[in-house]
Amino acid sequence: NNNQENQEKKKNFIIFFTLFLLLLILYLFLSIDIVPCSGRIRLLLLPNFIENFIVKNIINYSDKQEIEEELNLFTKEKLPNNEQEKEIIANYLEIVNLIINRICLETDFEIPSIIEIEKGEPNAFAIIGNTLIINIELFEKLDDIDCLAFIISHELAHLYCKHPSELLGVGTLISGIGSFILSALIGDTAGEFIISNQIINLFELNFSRTIEREADYIGFLAFVNAGFNPHAAAKAIESIHFDINNPQEQENKKIIEREGKNHIETLFSSHPTYPERVVYLREWAKQFLNHEQITFDYPAVEIQQ
């Protein structure tokens, strides 16, 4: 009887596991997608209804808590400054909306559902929920409207390609499968866990660099089609990394460009390195101005001193 029960359990487990595997394969097959413009084949693992659930029930809740915490920190003395900041942010939002409308008018890009201006280092982000976040310091770094337009176009390209959803879905898949395989191969002690996490992190960073370069490419196409200066794309990246009015930083920029791509730095970066980005952005500008096809797989171009 015990043997029969064990055989029955084994049979049921095999049936369950087979069905699960078939459903997983079907789900992965249905998740296959092609990125517009670049032609990259990918897995888009988060359907719209899951993304909407995350936005409504997780992100909105955490944002509400954050806003409540910020309100509790306000005092009467700080309110005048806050009103002044609101006026500055309103002016910046007007500029951002003008740029977005101009780009979206010439492309298939959608206008973001939410646009936020926040404090922080000069940067911008696209997150799930068709949301664009721009840090206020970015406006201070980029005094050229065309430079700002490229950064915004880059983030709009992320939203257009659904990169935030893809990154969350694939990142979760890499973490899950990677943890299972590495724990079996390496072990699951504290030290081994740290090593396996670092290995998984390297895979995720490599994937992140892929979609960042893709957003550069698709964002650049939209940017120039909207009539912005193609040379401003590389200038925007330069301005974020260096103070163009500081002679010492300009000298540092020349040294970094002369040395070219740092392969060790690349491994631990979520974006293509500064030298790599300015290479292909300058090459794309050259191709556009020469009425050539702007190639995603750009030829190797050495940065000249």
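What you are looking at is a predicted structure, and each value in this text was computed from that prediction instead of being measured. (Residues numbered from 1 in each chain as written. Predicted model: local features only at pLDDT ≥ 70, side-chain atom pairs only at ≥ 80, totals over all residues. Heavy atoms only, no water.)

(A) Molecular detail of the pattern of salt bridges. Inspection of every chain in the model, using the stated rule, returns seven salt bridges. In this structure, R40 and E214 form a salt bridge, with 2.8 Å as the shortest nitrogen-oxygen distance. Taken as a pair, R40 in the loop between β1 (32–34) and β2 (41–43) and E214 in helix α7 (residues 190–225) lie far apart in primary sequence, 174 residues in all. The class for R40 is buried, based on a relative accessible area of 17%. Judged by relative accessible area, E214 falls into the buried class, the value being 1%. The residue E238 makes a salt bridge to R282 at a minimum N-O spacing of 2.7 Å. Of the two residues, E238 sits in helix α8 (residues 232–241) while R282 sits in helix α11 (residues 274–289), which places them 44 residues apart along the sequence. Under the relative-accessibility criterion, E238 is labelled buried at 13%. (Salt bridge = Lys/Arg side-chain N within 4 Å of Asp/Glu carboxyl O. Helix = DSSP H or I, 4+ residues; strand = E, 2+ residues; numbered from the N terminus. Buried < 20%, exposed > 50% of the residue type's maximum accessible area, 1.4 Å probe, protein only.)

(B) Examining α11 more closely. For α11, with 16 residues, the first-to-last C-alpha span of 22 Å sits near the 22 Å given by 1.5 Å per residue. For α11, a buried count of 12 out of 16 residues is recorded, marking the element as mostly surrounded by other parts of the structure. Considered for burial, the residues of α11 that qualify are Y274, P275, E276, R277, V278, V279, Y280, L281, E283, W284, A285 and Q287. Following α11 by one or two positions, H291 has its phi on the positive side, about 60°. (Expected span 1.5 Å × (residues − 1).)

(C) Here's a closer look at the packing of helix α5 (residues 145–160) against α8. The contact between α5 and α8 brings their axes to 8 Å, and the two run at 90°. With respect to their mutual orientation, α5 and α8 come out roughly perpendicular. Contacts between α5 and α8 involve D146, C147, F150 and I151 from the first element and A232, A233, K235, A236, I237 and I240 from the second. (Axes fitted to C-alpha atoms, helices over the stretch in contact; angles between N-to-C directions. Parallel < 35°, antiparallel > 145°, perpendicular 65-115°, else oblique. Contact = heavy atoms within 4.5 Å.)

(D) Structural context of a nonpolar patch on the surface. Nonpolar side chains collect at one region of the surface, where F13, I14, F16, F17, F20, L21, L24, I25 and Y27 lie side by side and expose about 910 Å² of accessible area between them. Here Y27 shows up in helix α1 (residues 2–30). Among the residues examined, Y27 registers a relative accessible area of 34% and is labelled partly exposed. (Patch = residues over 30% accessible without salt bridge, like charges linked within 9 Å, V, L, I, M, F, W, Y side chains within 5 Å. Areas by Shrake-Rupley, 256 points an atom, 1.4 Å probe, with all protein chains shown as cover.)

(E) Examining the pairing of strand β4 (residues 124–127) more closely. Of the two faces of β4, only one is covered, namely that formed by A124 and A126; the face formed by F125 and I127 stays uncovered. In this structure, β4 lies alongside strand β5 (residues 131–135), joined through four bridges in antiparallel fashion. Bridged to A124 within β5 is I134. Once β4 ends, the chain turns through three residues before running back antiparallel as β5, passing G129 with a positive phi of about 95°. (Pairing = 2+ DSSP bridges.)

(F) Fine view of the nonpolar core. I134, F150, I152, F220, F223 and L281 are the most contacted members of the largest nonpolar core, which has 49 residues in total. For this core, the secondary-structure elements that each account for two or more residues are α3 (79–105), β5, α4 (136–141), α5, α7, α8 and α11. Among residues more than four places away in sequence, those in contact with I134 are V96, E116, I117, E118, N123, A124, F139 and I152. (Core = buried A, V, L, I, M, F, W, Y, C linked by side-chain atoms within 4.5 Å.)

(G) Inspection of α5 at higher detail. Helix length check: α5, at 16 residues, gives a terminal C-alpha distance of 22 Å against a target of 22 Å (1.5 Å per residue), a fit within 8%. Taken across its 16 residues, α5 has 14 buried, putting it largely inside the fold. Of the residues one or two after α5, K162 is the one with positive phi, at around 60°.

(H) Looking closely at the packing of α8 against α11. α11 packs onto α8 with a crossing angle of 160° between their chain directions and a minimal axis gap of 8 Å. One way to sum up the angle between α8 and α11 is to call them roughly antiparallel. For the element pair α8 and α11, the recorded crossing hand is left-handed. On α11, the residues touching A233, A234, I237, E238 and H241 of α8 are Y274, R277, V278, L281 and R282. A per-class count over the contact of α8 with α11 returns six nonpolar, one polar and three charged. (Left-handed = near helix turned anticlockwise from the far one by under 90°. Nonpolar A, V, L, I, M, F, W, Y, C, P; charged D, E, K, R; others polar.)

(I) Expanded view of the packing of aromatic side chains. All chains considered together, the criterion is met by nine aromatic pairs. Three or more aromatic residues link up through ring pairs in this structure, and these residues are F150, Y217, F220, F223, F228, Y280 and W284. For the cation-ring pair, R102 lies above F228, with the distance from its terminal atom to the ring centre recorded as 3.8 Å. (Phe/Tyr/Trp six-rings, centres within 6.5 Å; stacked < 30°, edge-to-face > 60°. Lys NZ or Arg CZ within 6 Å of the ring centre and 35° of its normal.)

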